[in-house]
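Observations on the three-dimensional arrangement
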Amino acid sequence: MSRRDRAGKIGTNVIDYFRRRSTHRIPTSELFDRLPYAGADIVRALEDLERKHRLLVRLTEEGTDWLVLTVDGAREAGLD
């Protein structure tokens, strides 16, 4: 599987994770703890979702790194 294909598969799993949790926002560390992929692969997938697809944004608040779905990301995850 190519790097691009792997990032796409992991990206789909990231969006599915938001759907399963029924939330628009999760701590980044939670995703790294729960998904069965190498950290570097997750980082590439997150960059793809953020920069290419604009489905999420990453931010830091009070020392915690967060992943937040954009409006398009929430739609993709089936969330209001």
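Before reading on, note that the structure itself is shown above.
Residues numbered from 1 in each chain as written. Predicted model: local features only at pLDDT ≥ 70, side-chain atom pairs only at ≥ 80, totals over all residues. Heavy atoms only, no water.

This part takes up the pairing of strand β3 (residues 64–69). As judged from the three bridges shared by strand β1 (residues 25–27) and β3, these two strands associate in the antiparallel manner. Paired with Ile26 across the two strands is Leu67, which belongs to β3. Across six bridges, the pairing between strand β2 (residues 56–61) and β3 is antiparallel. Bridge pairing links Leu59 to Trp66 in β3. (Pairing = 2+ DSSP bridges. Helix = DSSP H or I, 4+ residues; strand = E, 2+ residues; numbered from the N terminus.)

Taking 1.5 Å of rise per residue, the 14 residues of helix α3 (residues 39–52) would be expected to cover 20 Å, and the 19 Å separating its terminal C-alpha atoms lies within 8% of that figure. For α3, the full list of buried residues reads Asp41, Ile42, Ala45, Leu46, Leu49 and Glu50. For α3, the angular spread of buried residues about the axis comes to 165°, placing them on one side. The outward face of α3, more than 90 degrees from its buried face, is lined by the exposed residues Arg51 and Lys52. (Expected span 1.5 Å × (residues − 1). Buried < 20%, exposed > 50% of the residue type's maximum accessible area, 1.4 Å probe, protein only. Arc of directions from axis to C-beta.)

The next thing to look at is the pattern of salt bridges. For the structure shown, the criterion picks out six salt bridges. Here Glu30 ties to Arg21 by a salt bridge, and the two come within 1.9 Å at their closest N and O atoms. For Glu30, a relative accessible area of 15% puts it in the buried group. Judged by relative accessible area, which is 40%, Arg21 ranks as partly exposed. With its nearest N and O atoms 2.5 Å apart, the salt bridge here joins Arg25 to Glu61. Here Arg25 is found in strand β1, whereas its partner Glu61 is found in strand β2, with 36 residues between them in sequence. Residue classification places Arg25 among the partly exposed positions, given a relative accessible area of 31%. Take Glu61: its relative accessible area is 37%, and that puts it in the partly exposed class. (Salt bridge = Lys/Arg side-chain N within 4 Å of Asp/Glu carboxyl O.)

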